[in-house]
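# Structural description and commentary
Spelled out from the first residue to the last, the chains are:
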Amino acid sequence: MNRAELRFYAELNDFLPPEKRYTRFGCEFWVGGSVKDLIEAEGVPHTEVDLILVNGESVDFSFQVRDGDRISVYPVFESLDITPALKVRPRPLRETRFVLDVHLGRLAGYLRMLGFDALYRPDYRDAELVCLSSSEGRILLTRDLGLLKYGAVHYGYAVRQTNPRRQAREVVARFDLARAAAPFTRCLRCNDRLEAVSKEAVLERLPGTTRDRYEEFRRCPACGRVFWAGGHYRRMQRLVEELLGA
Ligand SMILES: [Zn+2]
């Protein structure tokens, strides 16, 4: 058996038992293991990790741990000056897009309400979620830590909260989404971006009072539903403000 020392920083400690949090601790391992395996054996999904230093040098996930190594593990977005060090992530995501596991349907709805591309289907299997995440560069949101241990998942996040509204606030804060939000631009059912449509084009599908009162309409290209800023709009605006932490 070989022995290395590990220390996890900031919110990575959420995954550790109390005695291992915010402290350096020893761990034993067999030769030939990667640093990814070692980190995940402690219960921390590799998708939560953005920087690994071994004896002060940046390494990637495939690094083979040696006897006596001192390993420091930092989360995504840890505000620490790591400028000279390389990050393990190949490149940053350009547009923040998500795919959610089968238990996070209401969170998917809230993210769509805020205008974010949030793929979700109640019948997605684990392999499909992993594939969609890696092939489309989507952040996999899940409460299943096992799902985040697949090597193919480069971008993933373990949602901590259980209440859907709190989950939405957590994801907004974690990925700094507030400024990028575009509320009411996406179909809550299909995830497609809504298109502006003329009143004439949808006139015969509108209830009489709506015909008289509203001038601006949007339509989902997938399901054809038509949207306007109707009576429940103010309530939804308040919900959006809550979700964005305003
Ligand atoms: Zn739709």
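Just so it is clear, the model here is predicted, and its values are computed rather than measured. (Residues numbered from 1 in each chain as written. Predicted model: local features only at pLDDT ≥ 70, side-chain atom pairs only at ≥ 80, totals over all residues. Heavy atoms only, no water.)

## A closer look at the packing of helix α2 (residues 105-113) against helix α4 (residues 164-174)
As a packed pair, α2 and α4 sit with axes 9 Å apart at the nearest point and diverge in direction by 50°. The angle between the axes of α2 and α4 places the two elements in the oblique class. In the packing of α2 onto α4, the handedness of the crossing is right-handed. In contact with Arg-106, Leu-107, Tyr-110 and Leu-111 of α2, α4 contributes Pro-164, Arg-165, Gln-167, Ala-168 and Val-171. Its residues assigned to classes, the contact of α2 with α4 comprises six nonpolar, one polar and two charged. (Axes fitted to C-alpha atoms, helices over the stretch in contact; angles between N-to-C directions. Helix = DSSP H or I, 4+ residues; strand = E, 2+ residues; numbered from the N terminus. Parallel < 35°, antiparallel > 145°, perpendicular 65-115°, else oblique. Left-handed = near helix turned anticlockwise from the far one by under 90°. Contact = heavy atoms within 4.5 Å. Nonpolar A, V, L, I, M, F, W, Y, C, P; charged D, E, K, R; others polar.)

## Here we look at the sheet that holds strand β1 (residues 2-8)
If you walk across this open sheet you meet the five strands as β2-β1-β5-β3-β4, and the pairing is mixed. Each edge of the sheet is formed by a strand with only one pairing partner; in this case those strands are β2 (25-29) and β4 (57-59). Across this sheet, the average inter-strand angle for adjacent strands is 35°, counted without regard to direction. With four bridges joining them, β1 and strand β5 (residues 70-75) adopt parallel strand pairing. Directly across from Leu-6, in β5, lies its bridge partner Ile-71. (Pairing = 2+ DSSP bridges.)

## Observations regarding the sheet that holds strand β7 (residues 118-119)
Reading across from one edge, β7-β6-β8-β9 is the order of the four strands in this open sheet, with parallel pairing throughout. If you trace the sheet from one side to the other, it starts and ends with β7 and β9 (156-158), each paired once. Pairing analysis gives three bridges linking strand β6 (residues 98-100) to strand β8 (residues 139-142), with the strands arranged parallel. In the sheet register, Val-99 faces β8, and the bridge partner there is Leu-140.

## A few points about the nonpolar core
Ranked by size, the top nonpolar core spans 33 residues in total, and within it Phe-8, Ile-52 and Ile-71 carry the most contacts. Among the secondary structure elements, those contributing two or more residues to this core are β1, β2, α1 (35-41), β3 (49-54), β5 and α3 (126-136). Among all residues touching Phe-8, those that are not within four sequence positions of it are Asn-13, Leu-16, Phe-25, Ile-39, Glu-42, Val-44 and Val-73. (Core = buried A, V, L, I, M, F, W, Y, C linked by side-chain atoms within 4.5 Å. Buried < 20%, exposed > 50% of the residue type's maximum accessible area, 1.4 Å probe, protein only.)

## A word on the pairing of β8
Going residue by residue along β8, you find Ile-139 and Leu-141 tucked away on one face and Leu-140 and Thr-142 tucked away on the opposite face as well. Pairing of β8 with β9, which is carried by three bridges, proceeds in the parallel orientation. Bridging across to β9, Leu-140 finds its partner in Gly-156.

## A word on the coordination of the zinc ion
Taken together, the protein donors to the zinc ion comprise Cys-187 (SG), Cys-190 (SG), Cys-220 (SG) and Cys-223 (SG), at separations of 2.3 to 2.4 Å. For the zinc ion, the four donor atoms in the first shell make angles of 104 to 116° at the metal, a pattern classed as tetrahedral. Sequence positions of the residues that donate to the zinc ion give the spacing C-x2-C-x29-C-x2-C. The exposure class of Cys-220 is buried, given its relative accessible area of 1%. (Donors = N, O, S within 2.8 Å, 3.2 Å for Na, K, Ca; no water. Tetrahedral: all angles 85-135°; square planar, octahedral: opposite > 155°, others 65-115°.)

## Digging into the packing of aromatic side chains
Applying the stated rule across the entire model yields six aromatic pairs. Where Phe-184 meets Tyr-233, the ring centres are 5.1 Å apart and the plane angle is 50°; that geometry is what we call tilted. In this pair, Phe-184 is assigned in the loop between α4 and β10 (195-197) and Tyr-233 in helix α7 (residues 233-243), connecting sequence segments 49 residues apart. Residue class for Phe-184 comes out buried when judged on its relative accessible area of 17%. Tyr-233 gets classed as partly exposed once you look at its relative accessible area, which sits at 30%. Among the aromatic residues, ring-to-ring pairing joins Phe-98, Tyr-157 and Phe-175 into one connected group. (Phe/Tyr/Trp six-rings, centres within 6.5 Å; stacked < 30°, edge-to-face > 60°.)

## Quick look at the pattern of salt bridges
Following the criterion strictly, the structure yields 16 salt bridges and no others. The partner of Arg-66 in a salt bridge is Asp-69, and the shortest N-O contact between them spans 3.2 Å. Of the charged contacts, one joins Asp-117 and Arg-138 as a salt bridge, the two residues approaching to 2.9 Å between their closest N and O atoms. Taken as a pair, Asp-117 in the loop between α2 and β7 and Arg-138 in the loop between α3 and β8 lie far apart in primary sequence, 21 residues in all. For the residue pair Asp-117 and Arg-138, the accessibility class agrees, reading buried in each case. The network of salt bridges with shared partners includes Glu-11, Asp-14, Glu-48, Arg-160 and Arg-174. (Salt bridge = Lys/Arg side-chain N within 4 Å of Asp/Glu carboxyl O.)

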